[in-house]
Amino acid sequence: MSGCPGSKTIDFSANANQEGSETGKRPSQLRQWPIQFHLVSPQAPYFQGRDILLAADCTAFALGDFHKDYLKGKSLAIACPKLDSDQDVYIEKIKSLIDDAKINTLSVMIMQVPCCFGLAQIAKEGAEKASRKIPVKQIVVGLEGNILSEEWI
Amino acid sequence: MKDILTRDIRKVIDDCPEVGRILEEYKIGCAPCSVGSCLLKDVVGIHNLDPQQEATLMYRIEKAIYPSRNIKPPVVDPTKKVEPKKLTYSPPVKKLVDEHVLIKRLLALVPAIIEFTEKSPKVDKALILNCVDFIRTYADKYHHMKEEDILFKYVDEKSEIIQIMYKDHITGRNHVKQVVEGAETGNKAQIKEHLFGYRDLLTQHIKKEDEILYPWIDRQLSTAQVGEMFRRCNEADASVGDALPKKYEAFIQELERKLLKEVK
């Protein structure tokens, strides 16, 4: 099969829900609205001085423990580097989050498909344009919801 | 096995030197440690070995201590290749690792400093005191203080590994005092003994930090703590200004140039 790995058809339903506990209810760790990166403002109170998770749209669906392990304690923005338009705005928003909202850290969560690395590139460009420096982390999620890498960039 | 895990590593190695040799094979350098009060379980835990490696190591240690005991060897999958772990650091810890590089450049010059001192008719007091100034200001005040005031506060300061680091800092400061005394009185032997003592101490100290302590601390830090520590380290650096690291980098460059020319 050839073509774009980001839109290639793969069925891994046979592997679904192989392990893990499903007992008890898991509360949402979302503490804000809106979340789409075009809709959020860096001036929003929930960004000021916080740890930010910039997640590619697909990650929350792929990663079973997205809320518990990655969203908890963070403010969120979501985006798709393949389909979203006007992505220059995203670079300016990251710069503003760092310089104006004085965020503590930025974690960028992307899928393993090549097009998704565009979001990490946007985050890097925004961070480089900012005058403040903060730690930026890249987390790569596999198609089957496993964490492939997690490193400071 | 539980009783061995909670014993001081020094006592374990003294009772069974083979344990020290086994640990060396896994690049766990407890045998030459002067303190050795870490518990075996902490020593193994802090090195973050691959699960297969850790199981084999523990089996070999138990077998070395109790050769007649019937212990089942761990099941190791030979098809599972153990890749050496790549050292990665969070940004504030990486900055501390980078600062080690300049300190290691001074340590590398110590034999040349001693050779130059021994060849000179009398001690070049300014040279020795300038090296002491680098150690006291750059290595100790600028670098070690960030460790003591910021980094170590994020873990249990009473843990053995942190206590060993504090002890190394104190031992290093005592070597430096002796070097100053040697420079003041023109005692070349005293300078040689304590400058080499400082070099040997710091070489091991930096290796322990880069390879063991810093990755261990990083594994315990939350993302929020990394951000906070980054900010606090930047504030500490800003309080002394950009000029200080630049001044000492220029000093090391000049010292390298001078000693490479004088000592051949």
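All right, on to the interface of chain B and chain A then. Chain B puts nine residues into the contact, and the matching count from chain A is 10 residues. Broken down by element, the residue count for the side of chain B that touches chain A peaks at six residues, all from helix α10 (residues 223-240) of chain B. In the side of chain B that touches chain A, the residues fall into four nonpolar, four polar and one charged.

What follows deals with the sheet that holds strand β1 (residues 51-56) of chain A. Residue and element names in this part refer to chain A. Ordered by their spatial adjacency, five strands build an open sheet running β2-β1-β3-β4-β5, and the pairing between neighbours is mixed. With one partner strand each, in any of the chains shown, β2 (75-79) and β5 (147-152) form the two edges of the open sheet. Neighbour-to-neighbour, the strand axes of the sheet open up by a mean angle of 15 degrees, direction not taken into account. Two elements, β1 and β2, share five bridges in a ladder whose sense is parallel. Bridge assignment links Leu53 to a residue of β2, and that residue is Leu76.

Further remarks concern the nonpolar core. Ranked by size, the top nonpolar core spans 50 residues in total, and within it Leu54, Leu106, Val108, Met109, Ile110, Leu119 and Ala123 of chain A carry the most contacts. In this structure, Met109 of chain A is in contact with Leu53, Ala55, Ala56, Thr59, Tyr70, Ile139 and Val141 of chain A, ignoring residues within four places of it in sequence. Listed in part, the 19 residues of the second largest apolar core include Val179, Ile191, Leu202 and Tyr248 of chain B.

As a further point, take the environment of Ile65 of chain B. Residue and element names in this part refer to chain B. In this structure, Ile65 sits in helix α5 (residues 51-65). The exposure class assigned to Ile65 is partly exposed, which follows from the 17 C-beta atoms found within 10 Å. Along the primary structure Ile65 and Cys16 are separated by 49 residues, whereas in three dimensions their C-alpha atoms are 6.4 Å apart. Apart from residues no more than four positions distant in its own chain, Ile65 is found in contact with Ile4, Cys16 and Val19.

The next thing to look at is the packing of helix α3 (residues 17-25) of chain B against α5 of chain B. Relative orientation and spacing of two packed helices are given, respectively, by the angle between their axes and the distance between those axes. Residue and element names in this part refer to chain B. One way to put it is that α3 packs onto α5 with a least axis distance of 9 Å and a crossing angle of 165 degrees. Considering the angle they form, α3 stands roughly antiparallel to α5. Helix-helix and strand crossings are classified by hand; for α3 and α5 the assignment is right-handed. For the pair α3 and α5, contact is made by Glu18, Val19 and Ile22 and by Leu57, Arg60, Ile61, Ala64 and Ile65, respectively. Across the contact of α3 with α5, the residue classes tally to six nonpolar, no polar and two charged.

Turning to the domain arrangement of chain B, a few remarks are in order. Residue and element names in this part refer to chain B. Partitioning chain B into domains gives domain 1 (2-65) and domain 2 (91-262). Each partner contributes residues to the interface: domain 1 has seven residues there, and domain 2 has eight residues. Grouping the constituent residues of the side of domain 1 that touches domain 2 by class yields three nonpolar, three polar and one charged.

Next up on the list: the pairing of strand β3 (residues 105-111) of chain A. All names here are of chain A. Burial analysis of β3 places seven of its seven residues in the buried class, which makes it a mostly covered element. Side chains of β3 alternate between two faces, with Thr105, Ser107, Met109 and Met111 and Leu106, Val108 and Ile110 buried alike. Summarising the sheet, β1 and β3 pair through five bridges and their orientation is parallel. Note on β3: the bridge partner recorded for Asp51 is Thr105. Two elements, β3 and strand β4 (residues 136-141), share six bridges in a ladder whose sense is parallel. When the bridges of β4 are listed, Val108 appears paired with Gln138. With respect to chirality, the unit in which β3 leads through helix α4 (residues 117-129) into the neighbouring parallel β4 is right-handed.

Parameters and conventions
Residues numbered from 1 in each chain as written. Chains lettered and ligands numbered in written order. Predicted model: local features only at pLDDT ≥ 70, side-chain atom pairs only at ≥ 80, totals over all residues. Contact = placed C-beta atoms within 7 Å. Helix = DSSP H or I, 4+ residues; strand = E, 2+ residues; numbered from the N terminus. Nonpolar A, V, L, I, M, F, W, Y, C, P; charged D, E, K, R; others polar. Pairing = 2+ DSSP bridges. Axes fitted to C-alpha atoms, helices over the stretch in contact; angles between N-to-C directions. Core = buried A, V, L, I, M, F, W, Y, C linked by C-beta atoms within 7 Å. Buried ≥ 20, exposed ≤ 12 C-beta atoms within 10 Å, placed from the backbone. Parallel < 35°, antiparallel > 145°, perpendicular 65-115°, else oblique. Left-handed = near helix turned anticlockwise from the far one by under 90°. Domains from an automatic or database assignment. Right-handed = clockwise from strand over helix to strand, strands pointing away.

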